[in-house]
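What follows is the residue order along each chain.
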Amino acid sequence: MKPAVLPEVCPCGSGLRYAVCCGRRHGGAEFAPTAEALMRSRYSAYVLKLDEYLLATWHASTRPAELNLADDPTKWLGLEVRQHRSTGPDQAEVEFVARYRVDGRGHRLHELSRFVREDGRWYYVDGDY
């Protein structure tokens, strides 16, 4: 499900227009070339509540059966990527901090996420908080 209004500037923090950044990935025009790019596009998908994209980029071994963000009250406020490193030929980790607000209270999600590349595509596997 696409959001009613698409942002001009990409929520991922790249500073690029959404249409030429995560919008291309969300629309299926290209796959993320790196684990960091996938993580940024997944953050943007949470901002825009793109359940289908999140499920499609979640590795089958850890993917939930369903995801419904339509009524999620989380308001995502910003993303800071702290580190991106390769941990093998088709594995990588991305450390990030995402700020968000729920019911007026501010929170921070600090995660070290693990990604794997299969058949040329990156997938989110899991993460430690």
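Conventions we followed
Residues numbered from 1 in each chain as written. Predicted model: local features only at pLDDT ≥ 70, side-chain atom pairs only at ≥ 80, totals over all residues. Heavy atoms only, no water. Helix = DSSP H or I, 4+ residues; strand = E, 2+ residues; numbered from the N terminus. Rg over C-alpha atoms; globule rule 2.2 N^0.38 Å. Buried < 20%, exposed > 50% of the residue type's maximum accessible area, 1.4 Å probe, protein only. Contact = heavy atoms within 4.5 Å. Areas by Shrake-Rupley, 256 points an atom, 1.4 Å probe, with all protein chains shown as cover. Lys, Arg positive; Asp, Glu negative; His and termini not counted. Charge placed at Lys NZ, Arg CZ, Asp CG, Glu CD. Core = buried A, V, L, I, M, F, W, Y, C linked by side-chain atoms within 4.5 Å. Pairing = 2+ DSSP bridges. Axes fitted to C-alpha atoms, helices over the stretch in contact; angles between N-to-C directions.

Right, let's talk about the overall build of the protein chain for a bit. Secondary structure summary: the protein chain contains 3 helices and 4 strands in total. Each helix and strand of the protein chain, placed in order from N terminus to C terminus, yields the pattern α-α-α-β-β-β-β. A globule of 129 residues ought to have a C-alpha radius of gyration of about 14 Å, and the protein chain, at 14 Å, matches this closely. Over its C-alpha atoms, taken along the principal directions, the protein chain stretches across nearly 40 × 30 × 30 Å. Counting all 129 residues of the protein chain, 40% fall into the buried class. In the protein chain, the proportion of contacts linking residues at least 24 apart, taken out of those at least 6 apart, comes to 39%. When the accessible area of the protein chain is evaluated, it comes to approximately 7,500 Å², of which 49% is carbon and sulfur surface. Charge-centre separation for the protein chain: the mean point of 18 positive side chains lies 6 Å from the mean point of 18 negative side chains.

On to the nonpolar core. Ala-98 and Phe-115 are the most contacted members of the largest nonpolar core, which totals 29 residues. Of all the secondary-structure elements, those providing two or more residues to this core are helix 2 (35-48), helix 3 (51-56), strand 1 (75-88), strand 2 (91-102), strand 3 (105-118) and strand 4 (121-128). When residues no more than four places from it in sequence are discounted, the contact partners of Ala-98 are Tyr-43, Trp-76, Gly-78, Leu-79, His-107, Arg-108 and Leu-109.

On to the sheet that holds strand 2. Taken in spatial order, the 4 strands make up an open sheet running 1-2-3-4, and their pairing is antiparallel. Edge strands, defined here as strands with exactly one partner in the open sheet, are strand 1 and strand 4. The mean angle between the axes of side-by-side strands here comes to 25°, regardless of whether they run parallel or antiparallel. The sheet contact formed by strand 1 and strand 2 spans 11 bridges and is antiparallel.

All right, on to the environment of Ala-98 then. By the element assignment, Ala-98 lies in strand 2. With 13 residues separating them along the chain, Ala-98 and Glu-111 place their C-alpha atoms 8.5 Å apart.

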